[in-house]
Structures are given as structure tokens and as C-alpha cells.
Amino acid sequence: NFNNEMAYCRAVEKLMGLGVPERAEYVRVILCELNRIASHLLFVATMGLDAGAMTPSMFCFRGRERVQTVFEAVSGARMMHNYFRVGGLKEDVPENFVQMVRDLLAQLREDVEESDRLLTFNEIFLARLKGVGIISAEDAIDYGLTGPCLRACGVPYDLRKAQPYSVYDRFDFDVPIGLDGDSWDRHYVRVQEMYESLRIVEQALDQMPGGNVVSPLGRRLIRPPKGEVYVRSENPRGEIGVYLVSDGTDKPYRLKVRPPSFCNLSAIKPLLTGAWIADSVVILGSLDIVLGEVDR
């Protein structure tokens, strides 16, 4: 996940006081936002399946495959990219990167719109999700919910706006929020986020400068100075935090990751209390957890 790679790299860069080339920052943002769209497409696909709809998953996976193909062209890997480096990137993007992403955006917008039209306001889908798994804004904050799960409760908190990092302050985009904090709102916020991510990528392509992107550290062992740092990023599921303590050697003295899925899942008890067993499937699905972040 590019968003998770970025959080760790930013933590080490902050500890070292290391700058990142401007072009590398733009490439990072483009890949992170495409990653967000791919992640939300998978969510829409599985949310549809949880509610009994098969067809939307076909459109969503088609779009996700297109994104993965671009990721493979850039990093050589479809999922475990290992492409971001402390101080920049592993290597520059392919020569046709801008055109490749522009072509992808046109197709991706169709995929997002098609799955949106098929599912979001479908009569059966609304009946299964609307008013199911409601959590108030106050409770969501108390349980530590972040990302789309928090914004679905009407809280307009997005780290890309609240504490802009990288070059996010240069882009014009909105923070979608819900009204009721129910399962449908959690779905709808993610759908709207995909449209905003498309806007961010388009602007980043227009603004992207030339220059170097490769980390000046190369393959050297990194020995940050003694100290501690905490860095937060907005990944597709919410706030990912990296707490890093250095003792001056090439290995962290302490590294703690705050995963959004682990914290979002903490609200499952109040969400399920009093719900039908049939509804538990869509309530859990609407949190969009990744078990790799939960099973710690």
C-alpha cells in the first residue's frame, strides 16, 4: 500500500530533517490517490456482495485491475510495491507515465460512475444499509474512528485538509461527509471520495514538475540521529500513525504503527448491539477493515 509506505518514509524524513524532491512528492500523491481509488473500489465490490449484489463487483474489479496494471508498470509489483524510499523514490516513473495515468483516469471515471449508478441508490441496497449500524459523531470520536467511518457521521476531518502534508495543500478538493453515520453513509462517503481522488490526480498531473526523484541516500544504511517522532497520514481507511524512536543506529529502537482498521473495529460492539444477525454482515463490511492491520 503506497499510503502506508509514505507514512513510514515521512516519519524517517522528519527525524532526519530530510527534504524530498518536488517531483517525487507529486508522484507519491498520484500513486497514493490511485491507491485510495483501488481500495474504495474493492470496498464497493465487497459491500455489494455482502448485500447480495454480484454485478457491481465485476465493474469494480475491472477498474481495480486497471490501477494495478499502472502500479506494476511503475514499481514492478502489483501490491507490495516497495517503491517509496526515504528522501524520494526508488527510481523515476516510466517516460509515458503522465499519458498512462491520463488514459487510466478516463477509464476509471467510467468504472466509478458505473458502479455508483448500479449500487448506491438501488432500492434493495438502500433497504439493507439505510438506518443500519448507526453511530453518533460523539461515539465515533470516543472510539477513535477515523477516515470514511468518522466522516460518515458528519465530522469533516481529513488529515489531507486538517494537517496538510506532502503537496496536498496545492490541490482543490472537498471532504465528503455523511448525515446519519449509518452503513449507507459509510458506503456513500467512500464513493464520493473516489471522485475527489480523481480530481486530485488530474491536478497533480497538470502541476507535476520535472527534475530528480531518486532518494539521495541511495542504498546506504540509514542512521537517523537520536530522537523520537510521530507522523500521521490519511490512508484509505483512516489515520495511520507511525511512532518512531531512534537511538542513532541503523535500526529503530522502537517502532509503533497506529493502524486505522484496528481502531475502527473497536466500535463493532455498540454497532452490533440490538441489530439483526443478517445486518451484522453489512455492518462489519461497512467498516472496511483489513485483517492484517487488526490481527496484531
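The structure under discussion appears in the preceding block.
A quick note: this is a predicted structure, and the numbers were derived from the prediction, not measured. Residue positions are counted from 1 within each chain, in the order its sequence is given. Given that the model is predicted, a residue must reach a pLDDT of at least 70 before its local features are reported, and side-chain atom pairs must reach 80 or more before they are shown or counted; all residues, however, enter totals for whole chains, interfaces and linings. To get the side-chain values, take all heavy atoms of the structure and skip hydrogens and water.

**Observations regarding the overall build of the protein chain**
At step 1: Only DSSP runs of H or I with at least four residues qualify as helices, and only runs of E with at least two residues qualify as strands; both kinds are numbered from the N terminus onward. In terms of regular secondary structure, the protein chain is built from 13 helices and 5 strands.
At step 2: Relative to its length of 296 residues, the protein chain is compact, with a C-alpha radius of gyration of 19 Å against a globular reference of 19 Å.
At step 3: Across its three principal axes, the protein chain shows a C-alpha extent of roughly 55 × 40 × 30 Å.
At step 4: Partly exposed describes any residue whose relative accessible area lies between the buried limit of under 20% and the exposed limit of over 50%, with all areas from a 1.4 Å probe on protein chains only and scaled to the type maximum. The buried share of the protein chain, taken over its 296 residues, is 53%.
At step 5: The contact criterion used is simple: two residues touch if any of their non-hydrogen atoms lie within 4.5 Å. The contacts of the protein chain with a sequence gap of at least 6 include a subset with a gap of at least 24, amounting to 75%.
At step 6: Entry remark: accessible area of the protein chain is about 13,200 Å², with carbon and sulfur atoms responsible for 55%.
At step 7: Distance from the positive charge centre (35 side chains) to the negative charge centre (41 side chains) of the protein chain: 6 Å. Our radius of gyration looks at C-alpha atoms and nothing else; its globule reference is 2.2 Å times the residue count to the power 0.38. Only the protein chains shown count as cover for residues, and all accessible areas are computed by the Shrake-Rupley method using a 1.4 Å probe. Counted as positive: Lys and Arg. Counted as negative: Asp and Glu, with His and the chain ends omitted from the count. The location of each charge is read from NZ of Lys, CZ of Arg, CG of Asp or CD of Glu.

**Considering the packing of helix α3 (residues 55-75) against helix α4 (residues 97-119)**
At step 1: Here an angle of 0 to 180 degrees is reported between the N-to-C directions of two axes, which are lines fitted to C-alpha atoms, with helices fitted over the stretch in contact. Where α3 contacts α4, the axes come no closer than 9 Å and their chain directions differ by 165 degrees. Considering the angle they form, α3 stands roughly antiparallel to α4. Taken as a pair, α3 and α4 cross one another with a handedness that is left-handed. Of α4, the residues touching α3 (which contributes T55, P56, F59, C60, R62, G63, R66, V67, V70, A73 and V74) are F97, M100, V101, L104, Q107, L108, D111, E114, S115, L118 and L119.
At step 2: Looking at side-chain class alone, the contact of α3 with α4 contains 14 nonpolar, 4 polar and 4 charged residues. Between 65 and 115 degrees an angle is taken as roughly perpendicular, under 35 as roughly parallel, over 145 as roughly antiparallel, and anywhere else as oblique. Should the near helix be turned anticlockwise from the far one by less than a right angle, the crossing is termed left-handed; should it be turned clockwise, right-handed. Classes in brief: Ala, Val, Leu, Ile, Met, Phe, Trp, Tyr, Cys and Pro nonpolar; Asp, Glu, Lys and Arg charged; the others, Gly included, polar.

**Comments concerning a nonpolar patch on the surface**
At step 1: Taken together, the side chains of L49, M54 and M58 present a nonpolar region at the surface, about 320 Å² in accessible area.
At step 2: Position of M54 relative to the elements: it lies in the loop between α2 (22-50) and α3.
At step 3: Given the relative accessible area of 53%, M54 is considered exposed. Patches here are clusters of residues that have more than 30% relative accessible area and form no salt bridge, with a 9 Å joining cutoff for like charges and a 5 Å cutoff for nonpolar side chains (Val, Leu, Ile, Met, Phe, Trp, Tyr). Here a salt bridge means any side-chain nitrogen of Lys or Arg lying within 4 Å of a carboxyl oxygen belonging to Asp or Glu.

**Regarding the sheet that holds strand β3 (residues 227-235)**
At step 1: Here 3 strands make up an open sheet; going across it, the order is β3-β4-β5 and the pairing antiparallel. Each edge of the sheet is formed by a strand with only one pairing partner; in this case those strands are β3 and β5 (254-258). Averaged over neighbouring strand pairs, the angle between their axes works out to 10 degrees when direction is ignored.
At step 2: Pairing between strands requires that DSSP locate at least two bridges from one strand to the other. Bridging between strand β4 (residues 238-246) and β5 involves 5 bridges; their strand directions are antiparallel. Across the sheet, V245 pairs through a bridge with R254, a residue of β5.
At step 3: Relative to the sheet, helix α1 (residues 2-16) contacts β3, β4 and β5, its axis offset from that of β3 by approximately 150 degrees.

**So, helix α9 (residues 183-207)**
At step 1: In this scheme, a helix's expected span is set at 1.5 Å multiplied by one less than its residue total. The end-to-end C-alpha separation of α9 is 37 Å, in line with the 36 Å expected for 25 residues at 1.5 Å each.
At step 2: Counting buried positions over the 25 residues of α9 gives 19, a clear majority of the element.

**Concerning the pattern of salt bridges**
At step 1: Within the structure shown, the criterion is met by 23 salt bridges.
At step 2: R23 serves as the salt-bridge partner of D92, at 3.5 Å between the closest nitrogen and oxygen. Highlighted residues: D92 in the loop between β2 (88-89) and α4 and R23 in helix α2, separated in sequence by 69 residues.
At step 3: Here D92 falls in the partly exposed class, since its relative accessible area comes to 35%.
At step 4: When the shortest N-O distance is used, the salt bridge between D158 and R160 registers 2.7 Å.
At step 5: Looking at D158, the relative accessible area reads 2%, which means it is buried.

**What to know about unusual backbone geometry**
At step 1: Within the chain, S166 stands out as a residue other than glycine whose phi angle is a positive 50 degrees.
At step 2: Inspection of the secondary structure puts S166 in the loop between α8 (159-162) and α9.
At step 3: Phi angles above zero are rare outside glycine, and D288 is one such case at about 55 degrees.
At step 4: Here D288 is to be found in the loop between α12 (277-287) and α13 (291-294).
At step 5: Using a relative accessible area of 9% as the deciding quantity, one classes D288 as buried.

**A closer look at the pairing of β4**
Two faces belong to every sheet, and in a regular strand the side chains alternate between them.
At step 1: The buried fraction of β4 amounts to 8 of the 9 residues, a majority that puts the element mostly inside the structure.
At step 2: In terms of strand pairing, β3 meets β4 through 9 bridges, oriented antiparallel. Within the sheet, the bridge partner assigned to R232 lies in β4 and is G241.
At step 3: With antiparallel pairing between neighbouring strands as the criterion, β3 and β4 make up a hairpin whose turn holds 2 residues.

From the geometry alone we can't say anything about function, so treat these as descriptive.
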